[in-house]
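# Structural characterization, general
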Amino acid sequence: MAKRLPRDPEKEQAILKAAIQVFGSDGYHASTDKIAEIAGVSKGSVFRYFDNKQHLYYEAVKQAIDNIMAVINFSVWTDSQDLVSMVIRATKYKTELSHQFPYEFDLLMRVYANESFVPKPMRDRVFQMFNKLEVDLVNNVINATVSKLDLRPELNKDEVRQYLGMFIMSILQMSQKYFEKHPDLKKIEDMGEIIDQIKAYMDMLEYGVVKGKRKPS
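These lines cover the structure that appears in this document, whether it is placed above or below. Going along each chain's sequence as written, the residues are numbered from 1 onward. Where local features are concerned, this predicted model is filtered to residues with pLDDT of at least 70; where side-chain atom pairs are given and counted, the filter is 80 or more; whole-chain, interface and lining totals use all residues. Hydrogen atoms and water are omitted, and side-chain values are computed over all heavy atoms in the structure.

Working definition: helices are DSSP H or I runs of at least four residues, strands are E runs of at least two. Numbering for both runs from the N terminus. A helix is expected to span 1.5 Å multiplied by its residue count minus one. An ideal rise of 1.5 Å per residue puts 26 Å on 18 residues; helix H1 (residues 9–26) measures up with 25 Å between its terminal C-alpha atoms. Those residues of H1 lying buried are Ile15, Leu16, Ala18, Ala19, Ile20, Val22, Phe23 and Gly24. Where H1 begins, the capping side chain belongs to aspartate 8, and its oxygen is found 3.0 Å from the backbone nitrogen of glutamate 10. Immediately beyond the C-terminal end of H1, within one or two residues, lies glycine 27, with a positive phi of roughly 80°. Whether a residue is buried, partly exposed or exposed follows from its accessible area with a 1.4 Å probe, protein chains only, as a fraction of its type maximum: under 20%, in between, or over 50%, in that order. Definition of a polar contact: a pair of N or O atoms within 3.5 Å, with one able to donate and the other able to accept a hydrogen when the atoms are protein atoms, and with sequence-neighbouring residues admitted only if both atoms are side-chain atoms.

Below is the structure:
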């Protein structure tokens, strides 16, 4: 029986790094030959470390999430003084992370899109993993938000969290698109347009949209 060669951690990481890049740019149909070439290893080495393409894909998604979670700073949300500044800071921070980790974000966006090319059992596994990341991030935003709101005493806090989760996700998506179109914006004082838009939505959230409902004097 042939002896199994010891694993080389640097080679394994090189393969994962290349897999994140190539799966992110080309999708699940990415060539393993291309992954091996970028990693600087043989194709045989790829499948010695990762039994098959599905295993490599799963580990690449997991590594992409781990790379982001290793550096993420949750104080961006928890240290914000109000909801508007929290949304602005969180969105800008997410945009900056996407520039710092472009391949990871490309891959995770493909996971989020639920690409049909990925075999369904694997598609479900990686989406579940990605969804947990999203839920953890949004829960941090929601918990920080709820702690700053003077809620009506008759409201159920769990329902408020669910409602705010839907609202905040929409605001974050809208804000991120704005910052992607305006990458030069660095200071809060230069963000009047998006801040005014968020404030308008916040006003509707807090006071409703039905005629006759008035703000307290």
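Having seen the structure, we can now continue with the description.
Moving on, we come to the packing of aromatic side chains. Between 30 and 60 degrees the pair is tilted, below 30 it is stacked and above 60 it is edge-to-face, where a pair is any two Phe, Tyr or Trp rings, Trp via its six-membered ring, whose centres lie within 6.5 Å. A full pass over the atoms with the stated rule returns 4 aromatic pairs. Between tyrosine 28 and tyrosine 57, the ring centres sit 5.1 Å apart and the planes meet at 90°, which makes this aromatic pair edge-to-face. Pair noted here: tyrosine 28 is in the loop between H1 and helix H2 (32–39) and tyrosine 57 is in helix H4 (residues 53–69), with a separation of 29 residues, a long-range link. Ring centres 6.4 Å apart and planes at 40° place the aromatic pair phenylalanine 127 and phenylalanine 130 in the tilted group. Residue phenylalanine 127 and its partner phenylalanine 130 are located together in helix H8 (residues 120–146), separated by 3 residues, close to a single helical turn. Of the residues examined, phenylalanine 127 reaches a relative accessible area of 26% and is grouped as partly exposed. A relative accessible area of 4% places phenylalanine 130 in the buried class. Among the aromatic residues, ring-to-ring pairing joins Phe23, Tyr28 and Tyr57 into one connected group.

Right, let's get into the packing of H8 against helix H9 (residues 157–181). Whenever a helix is involved, its axis is fitted only over the stretch in contact; in every case the axis is a line through C-alpha atoms, and angles between N-to-C directions fall within 0 to 180 degrees. The interhelical angle for the contact between H8 and H9, taken along N-to-C directions, is 110°, at an axis separation of 9 Å. Compared by their axis directions, H8 and H9 come out roughly perpendicular. For the pair H8 and H9, the sense of crossing is right-handed. Contacts between H8 and H9 involve Glu134, Val138, Val141, Ile142, Asn143, Thr145 and Val146 from the first element and Val160, Arg161, Leu164, Gly165, Ile168 and Met169 from the second. Any angle that is under 35 degrees is reported as roughly parallel, and any over 145 degrees as roughly antiparallel; angles of 65 to 115 degrees are reported as roughly perpendicular and all others as oblique. Note on convention: the crossing is left-handed when the near helix lies turned anticlockwise from the far helix by less than a right angle, right-handed when the turn is clockwise. Any pair of residues with heavy atoms lying within 4.5 Å of one another is described as a contacting pair.

Turning to a nonpolar patch on the surface, a few remarks are in order. Within the patch definition used here, like charges are joined within 9 Å and nonpolar side chains (Val, Leu, Ile, Met, Phe, Trp, Tyr) within 5 Å, considering only residues with over 30% relative accessible area and no salt bridge. Note on areas: Shrake-Rupley with a 1.4 Å probe; residue coverage comes only from the protein chains shown. Whenever Lys or Arg places a side-chain nitrogen within 4 Å of a carboxyl oxygen from Asp or Glu, that contact is recorded as a salt bridge. Together, Tyr201, Met204, Val209 and Val210 make up a nonpolar patch on the protein surface, roughly 370 Å² of accessible area in all. Here valine 210 lies in the segment after helix H10 (192–207). What makes valine 210 exposed here is its relative accessible area of 54%.

Mapped onto the secondary structure, lysine 11 falls in helix H1. What makes lysine 11 partly exposed here is its relative accessible area of 30%. Along the backbone, lysine 11 and tyrosine 28 are 17 residues apart, and their C-alpha atoms lie at a distance of 21 Å. With residues up to four places along the chain from it excluded, the contact list for lysine 11 reads Val41, Ser45 and Tyr49.

This brings us to the pattern of salt bridges. Overall, the coordinates contain 6 salt bridges when judged by the stated rule. Here lysine 34 makes a salt bridge to aspartate 26, at a shortest N to O gap of 3.0 Å. Judged by relative accessible area, which is 34%, lysine 34 ranks as partly exposed. Salt-bridge contacts for lysine 43 lead to aspartate 33; the nearest nitrogen and oxygen are separated by 3.6 Å. Placement of the pair is lysine 43 in helix H3 (residues 43–49) and aspartate 33 in helix H2, with a sequence separation of 10 residues.

Right, let's get into the layout of surface pockets. Definitions used for this entry: grid spacing 1 Å over protein atoms alone; cavity, a set of points where a 1.4 Å probe fits but cannot get out; pocket, an open set with protein on both sides within 12 Å along at least 5 of 7 lines; lining residue, one with an atom within 4 Å of a point. Grid points are joined across faces, edges and corners, and a volume is the space filled by probe spheres set on the points. The space that makes up the second largest pocket amounts to roughly 270 Å³. Together, Lys94, Ser98, Phe105, Met109, Tyr112, Phe130, Glu134, Met169, Gln173, Gln176, Lys177 and Glu180 line the second largest pocket. For the lining of the second largest pocket, the secondary-structure elements that each account for two or more residues are helix H6 (83–100), helix H7 (102–112), H8 and H9. Per-element accounting of the lining of the second largest pocket gives the leading share, 5 residues, to H9.

Let's shift gears to empty space enclosed by the protein. Within the structure shown, the criterion is met by 2 cavities of 30 Å³ or more. Computed from the structure, the largest cavity encloses a volume of approximately 290 Å³. Forming the walls of the largest cavity are 21 residues, and the residues nearest its centre are Trp77, Lys94, Phe105, Glu134 and Leu137. For the lining of the largest cavity, the elements supplying multiple residues, two or more each, are H6, H7, H8 and H9. Among the elements that line the lining of the largest cavity, the one with the most residues is H8, at 6 residues. Charged means Asp, Glu, Lys or Arg here, nonpolar means Ala, Val, Leu, Ile, Met, Phe, Trp, Tyr, Cys or Pro, and polar covers whatever is left, Gly included. In the lining of the largest cavity, the residues fall into 16 nonpolar, 3 polar and 2 charged. In this structure, the second largest cavity is lined by Tyr57, Arg110, Val111, Asn114, Glu115, Val118, Arg123 and Val126. Among the residues forming the lining of the second largest cavity, the class breakdown is 4 nonpolar, 1 polar and 3 charged.

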